[in-house]
Amino acid sequence: MDDTIQKESDIVLNSIKRGFECVCGLERELLYKNKRYFVFLFSRDPEINRYTLYFLPVLRKEKGISTFVIVTPFEELRGMAEDCCKVPFFFYLCSEEESYDICRYFYSFPDPVYKRDICRMVINGAENILSERIMEYVGINGITKKEIVALAVFWFPEVPTDEEVQRACGFEPRVREHIDWGKYAPEETDEAAPFPQNVERGLAPLIRGKIISSGHSIILFSVTRTTRYLINRLSEFNICAVLDNDESLSGTECEGVPVYTPGEYLSGTHQNDIRIILPTRSYRAIAEQLYDFGYRVGEQVFISYVEYKPYHINRIEKEFLRGKTIYEDIRRQYPDERLYFVTYPGIGDTYLAGMYLSDRMKFDGVEKGVVILITETCRRVFSMLDNGTDVKIYTIRDREDGKRLILYMKQIGYDRTNSCNLTHSHDLIDPGYLRGFRGIDFNTMLQKIAFHADRKRPGVEIISQSADEVFEKNGWLQDRTVLLSPYAHSERKLPTEFWAELAVRLKENGFAVCTNVSGDEEAVDGTPPLAIRLEQVFDFVEKAGFFIGLRSGLCDLLSRAKAEKIILYSGEKARESGYTYNFFGLSNMGMADSDTYELTVNSDWKELIEEILYVFKKNRNTLSL
């Protein structure tokens, strides 16, 4: 490794360790009884600091905070705090070097939002240290700095109005019974583990200790991937409801279990046989909320979330050094080339990265480079794109190693490592509720922020292998076959009955129907599984003529296919600043052609089937309805 990079690695790692010591020292001195909250004003932009102070009353009300500790290296912000801050606070002046170190420590975690929740701190950035590119959104679709602070710094679901801020100024936190989190908090671990393993680790004490049994009425809190896993895992138990604070989910179902808001379900229904399981990192806030309904942690409320130790500096050092090792391995093979890194192992992300890569290379002034992808699937997708670039592909097979690499390169500096992160989430600092806000879509984030492209949806050709053998082998007719795609990571599953009934109706109208599967996924009842090579799927859909699927990365890849495509979106998050449709909708992204139809799923899946059949009949006049 270059001596300069080696020295910089040592400097950064020592800075992270000092930042850890700074935060621990502040906690010991100022953060007691879990009721104080750190606010790090590290931005050099007066507007960003002013708006950070302006929204503190809303955060105080939301989290029941008694007092804030404002930490900054800028003495002049003392006067601003006294003038603008409408909450109780202490002002703590740190050195500028300490602010650098704290920032490096804060951003040494792959998920700063987790850091905010667990360690009770919010940070508004330090542009001179880690270049928070989030400010590049200012001006796009009329977005202001005030909105950036509300949505990306505080992670509010919507931008609070001035009236809401004023009402929050008079808020007095309720004094609740102190919860001994050391007694009830979930198991902590230093190591990342596969998703099912972590869920089972959190669930094991509840089953082993007979805290939950078939005689209990079990309630799960929050509609998440973990909750869906638990519903299927605990099928022999009586799971009677899922609670979520998102009112738009009320009246829907999660894996067949009805969803309610806490007020709807718990008000006036206090029962001793209820067991409320919290499989979410927000368990502290939710536990305090449930306290108001008369449910106590350790009595009716139990935590099954497994979290990483928030202040384990040894783990941070291990992650940093692992990222360094991966970087060294890449540089041994490619010592001089510019590195382009795609941080998310998704088909859609890889497709879009390949679509815009030539624009980014032109912006950088380079003709050759190396694209770093996560998983073999992403490598295959990228290889299918004829984007006119001269690049090599380096594949990282472990997603966690991908995170370690990007965090290492970010801390050292992209200029020093001659690298670039091609992600909409800005170096794993997720822009949160900016997704879908003011019509900002995924494609726009990539186009304007990551790739600096002046055109949307460049004409990239897909190199597809012929799928003729698949039709011949199965006896299917081209232009009369429907490919169903019922699986997606970012969408909740539809009932198996929906897909089975849809397949029956399509076959009644003379279609051959098959199910796209991979790994251990199962085909829809009554349909054969289609496990063709990824390189054939584009040609298959064009020749089949019809595709129906949940929104997934496969839909990006097929967006140019000349076939009737019906894309299904969950109604689960279909709110004004929603996540799924507003952000990932092919139409909003400018990637839907005249043969693409997007439908939002509601609770009446039989009605949805009729909608789908109507679209087919209207556009092809092929259904005998």
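As the structure is a computational prediction, the values presented were derived from the model and not from experiment.

(A) Region of interest: the overall build of the protein chain. When helices and strands are counted, the protein chain shows 26 helices and 24 strands. Expressed as a percentage of the 625 residues in the protein chain, the buried residues total 55%. Relative to all contacts within the protein chain whose residues are 6 or more apart in sequence, the contacts with residues 24 or more apart total 70%. Just so you have it, the protein chain exposes about 26,500 Å², and 46% of that area is on carbon and sulfur atoms.

(B) Highlighting the sheet that holds strand β17 (residues 419-421). Spatial strand order, β16-β14-β13-β17: four strands in an open sheet with parallel pairing. Across the chains shown, the open sheet's two edge strands, defined by having one partner strand only, are β16 (390-396) and β17. Each neighbouring strand pair of the sheet contributes to a mean axis angle of 25°, computed without reference to strand direction. Relative to β17, strand β13 (residues 338-341) runs parallel, the two sharing three bridges. The residue bridging Leu339 from the neighbouring strand is Ser419, located in β17. The strands touched by helix α15 (residues 313-333) are β13, β14 (368-374) and β16; relative to β16, the strand with the most contacts, the crossing angle is about 145°.

(C) Representation of the packing of aromatic side chains within the structure. The tally for this structure, following the rule as stated, stands at 22 aromatic pairs. Measuring from ring centre to ring centre gives 5.1 Å for Tyr260 and Tyr265, while their planes differ by 40°; the resulting arrangement is tilted. Here the aromatic rings of Phe442 and Phe583 are separated by 5.6 Å at their centres, their planes lie at 55°, and the arrangement is tilted. Of the two residues, Phe442 sits in helix α20 (residues 442-450) while Phe583 sits in helix α25 (residues 580-584), which places them 141 residues apart along the sequence. With relative accessibility at 3%, the residue Phe442 sits in the buried group. Feature note: the residues Tyr54, Phe55, Phe154 and Phe156 constitute an aromatic cluster, connected by ring pairs. Lying over the aromatic face of Tyr291, Arg296 brings its terminal NZ or CZ to 3.9 Å of the ring centre. Lying across the ring of Phe511, Arg480 places its NZ or CZ 4.3 Å from the centre.

(D) Structural context of the packing of helix α1 (residues 3-30) against helix α5 (residues 96-106). Contact pair α1 / α5: the axes reach a minimum separation of 7 Å and the direction vectors enclose 100°. With respect to their mutual orientation, α1 and α5 come out roughly perpendicular. Contact residues: α1 offers Val12, Ser15, Ile16, Arg18, Gly19, Phe20, Cys22, Val23 and Leu26, while α5 offers Glu97, Glu98, Tyr100, Asp101, Ile102, Arg104 and Tyr105. Classifying every residue of the contact of α1 with α5 gives nine nonpolar, two polar and five charged.

(E) Quick peek at unusual backbone geometry. Of note in the backbone geometry, Lys210 takes a positive phi value of approximately 55° without being a glycine. Here Lys210 lies in the loop between α11 (195-208) and β6 (217-221). With a relative accessible area of 69%, Lys210 lands in the exposed category. Positive phi outside glycine occurs at Thr375, with the angle close to 85°. As for its position among the elements, Thr375 is in the loop between β14 and α17 (376-383).

(F) Up close: the confidence of the model for the protein chain. Of the residues in the protein chain, 86% have a pLDDT of 70 or more, and the chain-wide mean is 84. Here helix α7 (residues 127-130) is the element of the protein chain with the lowest mean pLDDT, 44, and strand β19 (residues 481-485) is the one with the highest, 96. Low pLDDT (under 50) marks residues 573-578, which in the prediction has 18 contacts with non-local residues, meaning those over four places away or in another chain. A low-confidence stretch, residues 621-625 (pLDDT under 50), is modelled with 16 contacts involving residues beyond four sequence positions or located in other chains.

(G) Structural detail: the pairing of strand β10 (residues 274-278). With five of five residues buried, β10 lies mostly within the body of the structure. Burial of the side chains of β10 extends over both faces: Ile274, Ile276 and Leu278 are buried on one face and Arg275 and Ile277 on the other. Strand direction decides the pairing type here: β6 and β10, joined by four bridges, are parallel. In the strand pairing of β10, Leu220 is matched with Ile277. Note: β10 against strand β11 (residues 301-303), three bridges, orientation parallel. In the sheet register, Ile277 faces β11, and the bridge partner there is Phe302.

(H) Layout of the pattern of salt bridges. For the structure on display, the rule yields 28 salt bridges. As a salt-bridge pair, Asp101 and Arg18 come within 3.0 Å of each other at their nearest N and O atoms. Placement of Asp101 in helix α5 and of Arg18 in helix α1 is noted, with a sequence separation of 83 residues between them. Its relative accessible area of 36% is what places Arg18 among the partly exposed residues. As a salt-bridge pair, Lys146 and Asp162 come within 3.0 Å of each other at their nearest N and O atoms. Of this pair, Lys146 sits in helix α8 (residues 145-153) while Asp162 sits in helix α9 (residues 162-169), and the two are 16 residues apart along the sequence.

Rules used throughout
- Residues numbered from 1 in each chain as written.
- Predicted model: local features only at pLDDT ≥ 70, side-chain atom pairs only at ≥ 80, totals over all residues.
- Heavy atoms only, no water.
- Helix = DSSP H or I, 4+ residues; strand = E, 2+ residues; numbered from the N terminus.
- Buried < 20%, exposed > 50% of the residue type's maximum accessible area, 1.4 Å probe, protein only.
- Contact = heavy atoms within 4.5 Å.
- Areas by Shrake-Rupley, 256 points an atom, 1.4 Å probe, with all protein chains shown as cover.
- Pairing = 2+ DSSP bridges.
- Axes fitted to C-alpha atoms, helices over the stretch in contact; angles between N-to-C directions.
- Phe/Tyr/Trp six-rings, centres within 6.5 Å; stacked < 30°, edge-to-face > 60°.
- Lys NZ or Arg CZ within 6 Å of the ring centre and 35° of its normal.
- Parallel < 35°, antiparallel > 145°, perpendicular 65-115°, else oblique.
- Nonpolar A, V, L, I, M, F, W, Y, C, P; charged D, E, K, R; others polar.
- pLDDT = per-residue confidence, 0-100.
- Salt bridge = Lys/Arg side-chain N within 4 Å of Asp/Glu carboxyl O.

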